[in-house]
Amino acid sequence: MRTAETMFVLLNHLQRLRRATPPSPVRARGSLAVRHVDAGSCNGCEHELAAATNPFYDLQQYGLNVVASPRHADVLLVTGAITTRMAGPLRTAYEAMPEPRLVAALGDCALGCNLLGDQAELAGPLEAILPVDLRIPGCPPTPKAIAQALTAALHRLATD
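Everything in this summary refers to the structure shown in the same document. (Residues numbered from 1 in each chain as written. Predicted model: local features only at pLDDT ≥ 70, side-chain atom pairs only at ≥ 80, totals over all residues. Heavy atoms only, no water.)

1. Thoughts on the sheet that holds strand 3 (residues 75-79)
Stated precisely, the cut-off is as follows: A pair of strands counts as paired when DSSP detects no fewer than two bridges linking them. Strands are runs of DSSP state E lasting at least 2 residues, helices are runs of H or I lasting at least 4, and numbering of each runs from the N terminus. Throughout, an axis means a line fitted to C-alpha atoms (over the contacting stretch in the case of helices), and angles, computed between N-to-C directions, take values from 0 to 180 degrees. We call two residues contacting when some pair of their heavy atoms lies within 4.5 Å.
Pairing in this open sheet of five strands is parallel, and the strands run 2-1-3-5-7 from one edge to the other. Strands with a single pairing partner mark the edges of an open sheet, and in this sheet they are strand 2 (64-66) and strand 7 (134-136). Direction aside, the axes of adjacent strands within the sheet are offset by 25° on average. As paired strands, strand 1 (residues 32-38) and strand 2 are joined by three bridges and run parallel to one another. Note that in strand 2 the partner of Leu 32 across the bridge is Leu 64. Its contacts with the sheet put helix 3 (residues 84-96) on strand 1, strand 3 and strand 5 (102-106), and the angle it makes with strand 3 is roughly 165°. Sheet strands in contact with helix 4 (residues 143-159) are strand 1, strand 2, strand 5 and strand 7, and its direction is about 165° off that of strand 7.

Right, here's the structure in full:
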């Protein structure tokens, strides 16, 4: 099959999936800017986060956007086991964020569960370094779980 034919088949399949998936009944007003920081992960959570932004889950339709600077962020989304070398930069990123700000721990490593590695190089769970507002468990969490947790945070901020 040629590349153009393959693309056509894939786009048709995606269109059928989107039509079969019911739309979200409640949409929050506003948006959230998310700053992602990898503090020492295996990249499993990053792959699932990227999948949560694909056309199937489409976090952008809910007003959730990944930004490059903590100065523009509402949510600091941290993945991976927090290493001692990343504890300081995490605090710096948190302090650069404007109020109100949220911190999200994405994955079991950021939550401090079942960590492997040299204990002298690990700073512990994220909540030992920063106040965690949103916990997204899993190794790695599914894109659906990530999308649901972030849209719930958007709803929570919209109602506060």
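Moving on from the model shown.
2. Observations regarding helix 3
Note the cut-off: Residue exposure (1.4 Å probe, protein chains only): buried if accessible area is under 20% of the type maximum, exposed if over 50%, otherwise partly exposed. Relevant arc is that of directions from the helix axis to the C-beta atoms, nothing else.
Taken together, the buried positions of helix 3 are Ala 87, Leu 90, Ala 93 and Tyr 94. Taken down its axis, helix 3 places every buried residue within 135° of arc, on the same side. Relative to its buried face, helix 3 has exposed residues pointing more than 90 degrees away, namely Arg 85, Thr 92 and Glu 95. On its buried face, helix 3 sits against strand 1, strand 3, strand 4 (82-83), strand 5 and strand 6 (122-124).

3. Section: the state of the cysteines
Put simply, the test is: Disulfides are defined as cysteine sulfur pairs within 2.5 Å.
For the structure shown, the criterion picks out zero disulfides. Cysteine Cys 109 shares no disulfide, and the gap to the nearest cysteine sulfur, in Cys 139, comes to 5.6 Å.

4. Some remarks on unusual backbone geometry
A cis amide bond, omega -10°, links Glu 99 with the succeeding residue Pro 100. Position of Pro 100 among the secondary structure elements: in the loop between helix 3 and strand 5. The omega torsion across Cys 139 and Pro 140 is -15°, close enough to zero to call that bond cis. Inspection of the secondary structure puts Pro 140 in the loop between strand 7 and helix 4. In the Ramachandran plot, Asn 43 falls in the positive-phi region, its phi being about 80° despite a non-glycine side chain. Structurally, Asn 43 can be placed in the loop between strand 1 and helix 2 (44-52).

5. Describing the pairing of strand 1
Rules: For the handedness criterion, the strands are oriented away from the viewer, and a crossover whose path from the first strand over the helix to the second runs clockwise is classed as right-handed.
Of all seven residues making up strand 1, five are buried, and the element is well covered by its neighbours. The β-α-β motif built from strand 1, the intervening helix 2 and the parallel element strand 2 has right-handed crossover chirality. Bridging between strand 1 and strand 3 involves five bridges; their strand directions are parallel. Looking at strand 3, one finds that Val 37 is bridged to Val 78.

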